[in-house]
Amino acid sequence: MIDIIKQDLAEKLGKAIRLAYSDKIGDLYTEFEIDESRLVKFVYAKLEIPRDGKMGDYAIPAFFLSKTFKEKPVEIAQRIFEKIDSDLFNITGPYINARISPVYLAELILPDLFSHGAKFGSQTVGAGQNIAIDFSSPNIAKPFGVGHLRSTAIGNSLYRIYEKLGYNCIGINHLGDWGTQFGRMIVAWKKWGSQAELEKDPIKYLYSLYVKFHEEEANDPALAEEGKSWFKKLEAGDEEATKLWNLFKDYSLKEFKRIYELLDVHFDHYTGESFYQNLTDDAIDRLTKAGLVSESEGAMVVNLDEYDMPPCLLRKADGATLYATRDLAGLFYRYEQFKFDKALYVVGSAQAIHFKQVFKVVELLKEPYHDSLTHVEFGWIRFKDQAMSTRKGNIVFLDELIDTAKEKVSAIIKEKNPNLPNLEQTALDVALGAIIFSDLSVKKHKDVNFSWNEALSFEGETGPY
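Predicted model, so just to flag it, every value in this text is computed and none were measured. (Residues numbered from 1 in each chain as written. Predicted model: local features only at pLDDT ≥ 70, side-chain atom pairs only at ≥ 80, totals over all residues. Heavy atoms only, no water.)

Caption draft 1: Region of interest: empty space enclosed by the protein. Evaluated as defined, the whole model comprises 1 cavity of 30 Å³ or more. When its volume is computed, the largest cavity comes out at roughly 30 Å³. Lining the largest cavity, in full, are Ile17, Ile60, Pro61, Ala62, Phe64, Leu65, Ile80 and Ile96. Looking at the lining of the largest cavity, its residues break down into 8 nonpolar, no polar and no charged. (1 Å grid on protein atoms, 1.4 Å probe; cavity = no way out; pocket = protein on both sides within 12 Å on 5 of 7 lines; lining within 4 Å. Points joined across faces, edges and corners; volume = space filled by probe spheres on them. Nonpolar A, V, L, I, M, F, W, Y, C, P; charged D, E, K, R; others polar.)

Caption draft 2: Looking closely at the sheet that holds strand 10 (residues 342-346). Pairing is parallel across the open sheet formed by 5 strands, whose spatial order is 6-5-4-10-11. Strands with a single pairing partner mark the edges of an open sheet, and in this sheet they are strand 6 (269-270) and strand 11 (373-376). When strand 10 meets strand 11, the two strands line up parallel, connected through 4 bridges. Bridge pairing in strand 11 links Leu344 to Thr374. Packed on one face of the sheet, helix 16 (residues 352-364) meets strand 10 and strand 11 and runs near 180 degrees to strand 11. (Pairing = 2+ DSSP bridges. Helix = DSSP H or I, 4+ residues; strand = E, 2+ residues; numbered from the N terminus. Contact = heavy atoms within 4.5 Å. Axes fitted to C-alpha atoms, helices over the stretch in contact; angles between N-to-C directions.)

Caption draft 3: Representation of the sheet that holds strand 3 (residues 95-98) within the structure. Taken together, the 3 strands give an open sheet; going across it, the order is 1-3-2, and neighbouring strands pair in antiparallel fashion. Of all strands in the sheet, those bounded by a partner on one side alone are strand 1 (58-61) and strand 2 (89-92). Ignoring which end each strand starts from, the neighbouring axes of this sheet average 25 degrees apart. Relative to strand 3, strand 2 is paired through 4 bridges, and the arrangement is antiparallel. Considered in strand 3, the bridge of Asn90 is made with Asn97. Strand contacts of helix 5 (residues 73-81): strand 2 and strand 3, with the helix running at about 165 degrees to strand 2, the strand carrying the most contacts.

Caption draft 4: Helix 15 (residues 323-338), seen in detail. With 16 residues, helix 15 extends 22 Å between its outermost C-alpha atoms, agreeing within 8% with the 22 Å of an ideal straight helix rising 1.5 Å per residue. Turning to helix 15, its buried residues are Ala324, Thr325, Arg326, Asp327, Leu328, Ala329, Gly330, Leu331, Phe332, Arg334 and Phe338. Positioned one or two residues after helix 15, Lys339 has a phi angle of 45 degrees, which is positive. (Expected span 1.5 Å × (residues − 1). Buried < 20%, exposed > 50% of the residue type's maximum accessible area, 1.4 Å probe, protein only.)

Caption draft 5: The arrangement of the pairing of strand 1 in detail. Burial of the side chains of strand 1 extends over both faces: Tyr58 and Ile60 are buried on one face and Ala59 and Pro61 on the other. Looking at chain direction, strand 1 and strand 3 are connected through 4 bridges and run antiparallel. Following the sheet pairing, Ala59 is matched in strand 3 by Asn97.

Caption draft 6: Representation of the packing of aromatic side chains. All chains considered together, the criterion is met by 25 aromatic pairs. Where Tyr345 meets Phe355, the ring centres are 5.1 Å apart and the plane angle is 45 degrees; that geometry is what we call tilted. Of this pair, Tyr345 sits in strand 10 while Phe355 sits in helix 16, and the two are 10 residues apart along the sequence. Among the aromatic residues, ring-to-ring pairing joins Phe135, Phe144, Phe256, Tyr260, Phe267 and Tyr270 into one connected group. (Phe/Tyr/Trp six-rings, centres within 6.5 Å; stacked < 30°, edge-to-face > 60°.)

Caption draft 7: A look at the environment of Asn246. For Asn246, the location among the structural elements is in helix 12 (residues 239-263). Separated by 69 residues in sequence, Asn246 and Asp177 place their C-alpha atoms 9.7 Å apart.

Caption draft 8: The side chain of Arg315, seen in detail. On the secondary structure map, Arg315 appears in strand 9 (residues 312-315). In this structure Arg315 comes out as buried when scored by relative accessible area, which is 18%. At 2.7 Å, the side chain of Arg315 and the side chain of Asp281 are in polar contact. Of note is the side chain of Arg315, whose polar atom sits 3.0 Å from the backbone oxygen of Gly319. Ignoring sequence-local partners within four residues, the contact set of Arg315 consists of Asp281, Ile284, Ala299, Met300, Ala320, Thr321 and Leu322. (Polar contact = N/O pair within 3.5 Å; in protein donor to acceptor, adjacent residues only side chain to side chain.)

Caption draft 9: Structural view of the packing of helix 8 (residues 181-192) against helix 12. Interaxial distance between helix 8 and helix 12 falls to 10 Å at its minimum, and their mutual angle equals 95 degrees. Taken together, helix 8 and helix 12 sit at an angle that is classed as roughly perpendicular. Side by side, helix 8 and helix 12 meet where Phe182, Met185, Ile186, Trp189 and Lys190 of the first sit next to Glu240, Ala241, Leu244, Trp245 and Phe248 of the second. Residue composition of the contact of helix 8 with helix 12, by class: 8 nonpolar, no polar and 2 charged. (Parallel < 35°, antiparallel > 145°, perpendicular 65-115°, else oblique.)

Caption draft 10: The arrangement of the packing of helix 15 against helix 16 in detail. Across the interface, helix 15 lies against helix 16 with an axial gap of 10 Å and an inter-helix angle of 45 degrees. Between helix 15 and helix 16, the interaxial angle falls into the category oblique. With respect to the hand of their crossing, helix 15 and helix 16 are arranged in right-handed fashion. Where helix 15 abuts helix 16, its residues Tyr323, Ala324, Asp327, Leu328 and Leu331 lie against His354, Phe355, Val358, Val361 and Val362. (Left-handed = near helix turned anticlockwise from the far one by under 90°.)

Next up, the structure:
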């Protein structure tokens, strides 16, 4: 929008300069190595925002024309001002100022907006460039909680912004679908699972089993070893373990996609940790051949002491790979597949050290894209001043938040506008907007202390209002 305004102001000023100094305009072109076709662009670059807002929204100083036109800046400003065919401008000494009025703004912007529709404001600065954006990334067999909303909302916003700038965006959902927690889930299912209960509400039921496992584990430490054992079976391709893992994954994906559709969030690829599991050996071999891998207490690591970071652990002493290993394998794969010019990881601040380690390893490997990697970090979501925890069961389900918001919006609509058509859909749209607004209105580096009342308030600077 600002570009459109500045362009219009520059065209008006450029025309006035030509009229005011038609006899000397050639000197201006020579002095600044421009021509008539580039005069507007030249004036555009000279526009600035006044220090004193009382002068206007934009200003152009006449000082830079003094040498060329052999006149005092105040005289130059006056002479140009007299040739301007617009009431937007005023003059203060050597400055020609412009004050943007609402009427002018509407006349300038609305025709362009209506003619371009959804493409309004699009630019081409990213044309021909690929940007991979890793965001959302919920864990399989667990409900989509409010804590997942931050990555989803921020990542989706970045996707839309970069797309508007002309980039080819690649949205990646790096699902948490691998690790020892799935051994625990299998144990919980085998001990307490019910197919009938699963079919009623799959994700909430699986989550209740996960919470139960950790409650029981406190009194029976042997459960932890049993969970590790089942995960090793899963890693080895055990038929029963794989079947249960796929069951959990299929139910979860179905639920996640339902929520993404509600939020109007799009992904180009659902490639979770498990997708890269078979690529981890190649990743470790790559690092080993580069001389970056050493052994520490039986584990394989990349030593980062020189950079004041703990070692990047690639493989445990028992042979298991880790989150870092899979992220490195994922990075190598993504660059080979997408040839990205930028790669963003929209992940919470708790993982800051992890990404510093991974990015440093890529830099040490001298990969050409090592400086194109960015961790877009954000603060914690807290509930009643406590960090939410899936193990403890104190998370707020996004479904619950949406339903509660919708009910509150519906009640207000029925009170103020009972004959509104499509009341249910309107209430849902307002509720979703309220939730996303609440999340994005907090500076991303700050922690969010989640409050039902604040998120759903119809007063103050809120989505519903």
